[in-house]
Protein chains: 2
Amino acid sequence: MARTSSTPYAILGFLTLTPMSGYDIRKEAASSIGHFWSESYGQIYPSLRKLEAEGLVRRQNTDSSGGRERQTFAITPRGRKALQKWRARAPHSAPPRNELLLKLFFADEQSATHDANWIAELKEKETARLAEYRSLRRQLLKEQRNHPSLPFWLATLRYGIHRSRAVVCWCQETLDMLGTYPAVANQVSQKNG
Amino acid sequence: MARTSSTPYAILGFLTLTPMSGYDIRKEAASSIGHFWSESYGQIYPSLRKLEAEGLVRRQNTDSSGGRERQTFAITPRGRKALQKWRARAPHSAPPRNELLLKLFFADEQSATHDANWIAELKEKETARLAEYRSLRRQLLKEQRNHPSLPFWLATLRYGIHRSRAVVCWCQETLDMLGTYPAVANQVSQKNG
DNA sequence: AAATGCATGTAACGCGTTACATGATTTT
DNA sequence: AAAATCATGTAACGCGTTACATGCATTT
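Residues numbered from 1 in each chain as written. Chains lettered and ligands numbered in written order. Predicted model: local features only at pLDDT ≥ 70, side-chain atom pairs only at ≥ 80, totals over all residues. Heavy atoms only, no water.

**Focus: a nonpolar patch on the surface**
Residues and elements named next belong to chain A. Taken together, the side chains of Tyr 23, Tyr 41 and Tyr 45 make up a nonpolar region of the molecular surface, amounting to roughly 300 Å² of accessible area. Here Tyr 23 is to be found in helix α2 (residues 22-32). Here Tyr 23 falls in the partly exposed class, since its relative accessible area comes to 44%. (Patch = residues over 30% accessible without salt bridge, like charges linked within 9 Å, V, L, I, M, F, W, Y side chains within 5 Å. Areas by Shrake-Rupley, 256 points an atom, 1.4 Å probe, with all protein chains shown as cover. Salt bridge = Lys/Arg side-chain N within 4 Å of Asp/Glu carboxyl O. Helix = DSSP H or I, 4+ residues; strand = E, 2+ residues; numbered from the N terminus. Buried < 20%, exposed > 50% of the residue type's maximum accessible area, 1.4 Å probe, protein only.)

As structure tokens, this is what we get:
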């Protein structure tokens with residue numbers, strides 16, 4: 001198996017919940033861990049093949065009811081062991097790369113209007129996310145009330161909430177600061193008070 | 001020039017401050033934007049060559065006083081224009097990838113001790129960062145008091161502060177949650193109160 | 001003389017995205 | 001019949017890290 005990629009383990013993780021197709025995994029990932037992790041088909045399908053070749057997953061049944069045939073995979077006992085081993089290894093945190101901040105760092109009074117607009121957008125996006133988090137939280141509390149993993153899922157959600165709140169707060173502070181530049185104050189199409 | 005990489009622009013940005021060598025850029029980047037951006041030599045040196053070939057930077061003087069010869073680069077007028085154009089383009093935010101959260105999402109009561117330890121470490125790291133931010137802030141306010149870019153630099157710093165505070169807060173909440181599992185409470189080597 | 005540190009640079013590798021190709025089914 | 005949707009898959013590409021190679025100076 002690949003040395004450093006966590007993609008195969010993300011796949012194994014989802015397959016512990018229930019057997020799934022690559023398509024399902026993608027969809028599930030987007031809705032449940034999308035706020036801190038992303039996977040593309042270009043990663044998932046090849047990974048599934050490798051995992052199958054190593055006996056960590058097995059093809060369950062290819063049912064063709066509705067649409068193209070679906071390849072459903074299930075995790076094997078060896079797959080569960082591999083997942084456990086991965087779980088025990090310390091996570092490495094990737095070096096951060098935030099292009100908005102990079103641009104802001106090299107801003108000047110003339111061009112700061114751009115930043116103000118981007119930051120206003122970001123503020124709205126993160127505010128919208130907070131609403132999504134709340135609804136996702138309600139949904140989890142209702143539909144997964146007794147799932148033993150619920151506390152862990154909620155913990156990752158809380159991370160997103162803390163993060164978004166911090167970002168929204170920073171956005172407002174920074175918009176206020178940028179607003180002190182006349183060039184910015186006059187040009188920004190803002191709904192920030 | 002490369003289509004999507006922001007590395008060349010980060011380099012151009014630093015060269016607007018003062019002419020520098022690749023080595024200097026790396027050091028400067030680590031200390032000033034290291035909390036939200038990273039560059040490696042493997043990126044910087046080839047980028048500098050390309051930028052030179054395109055006339056966006058020029059080699060200034062290769063002074064060999066002390067150690068190996070130093071290649072110092074300065075930004076050209078065309079380089080400034082390229083930087084301005086980049087500044088005007090909206091930043092794209094990379095899809096997030098947080099391996100700690102991925103592992104936590106697939107945690108179970110047995111293995112949650114690992115997470116608790118990592119989270120305790122993270123909490124200390126982010127707490128230490130907060131102290132670094134404060135000292136960096138003091139330094140900026142003293143040494144760059146009149147630099148026109150100071151407000152933008154402070155804004156990026158505030159981002160880090162908000163972010164770290166949020167993470168520390170989440171860490172504590174999550175440690176408390178994990179502590180309710182007997183298996184975790186007994187095994188974690190903790191100094192968290 | 002050896003080891004360490006400064007400074008420049010390259011090569012190889014793997015990862016992940018993007019774009020594309022395919023094919024079947026349902027909708028219009 | 002055409003368009004849109006579901007589902008699987010591949011190929012190409014670029015980016016960024018890691019590891020390595022080099023060489024000069026200073027320290028021990």
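**A closer look at the interface of chain B and chain A**
In many analyses, interface size is given as the accessible surface area lost on bringing the parts together. At the junction of the two partners, chain B supplies 61 residues and chain A supplies 61 residues. By the criterion of area lost to chain A, the three top residues of chain B are Arg 87, Phe 105 and Phe 152 of chain B, representing 15% of everything that side buries. Two residues, Glu 173 of chain B and Arg 158 of chain A, come together in a salt bridge whose shortest N-O distance is 2.7 Å. Contributions of two or more residues to the side of chain B that touches chain A are made by α1 (7-17), α4 (77-88), α5 (99-105), α6 (112-143) and α7 (150-179) of chain B. Looking at side-chain class alone, the side of chain B that touches chain A contains 33 nonpolar, 16 polar and 12 charged residues. (Contact = heavy atoms within 4.5 Å. Buried area = accessible area lost by both parts, 1.4 Å probe. Nonpolar A, V, L, I, M, F, W, Y, C, P; charged D, E, K, R; others polar.)

**Things to note about helix α3 (residues 41-53) of chain B**
All names here are of chain B. Between its first and last C-alpha, α3 extends 18 Å over 13 residues, near the 18 Å set by a 1.5 Å rise per residue. Listed as buried for α3 are Ile 44, Ser 47, Leu 48 and Leu 51. One side of α3 holds all its buried residues, which, seen down the axis, span an arc of 105°. Seen from the open side of α3, the exposed residues pointing more than 90 degrees away from its buried face are Gly 42, Arg 49, Lys 50 and Ala 53. After α3 finishes, the residue Gly 55 shows a positive phi value of roughly 75°. (Expected span 1.5 Å × (residues − 1). Arc of directions from axis to C-beta.)

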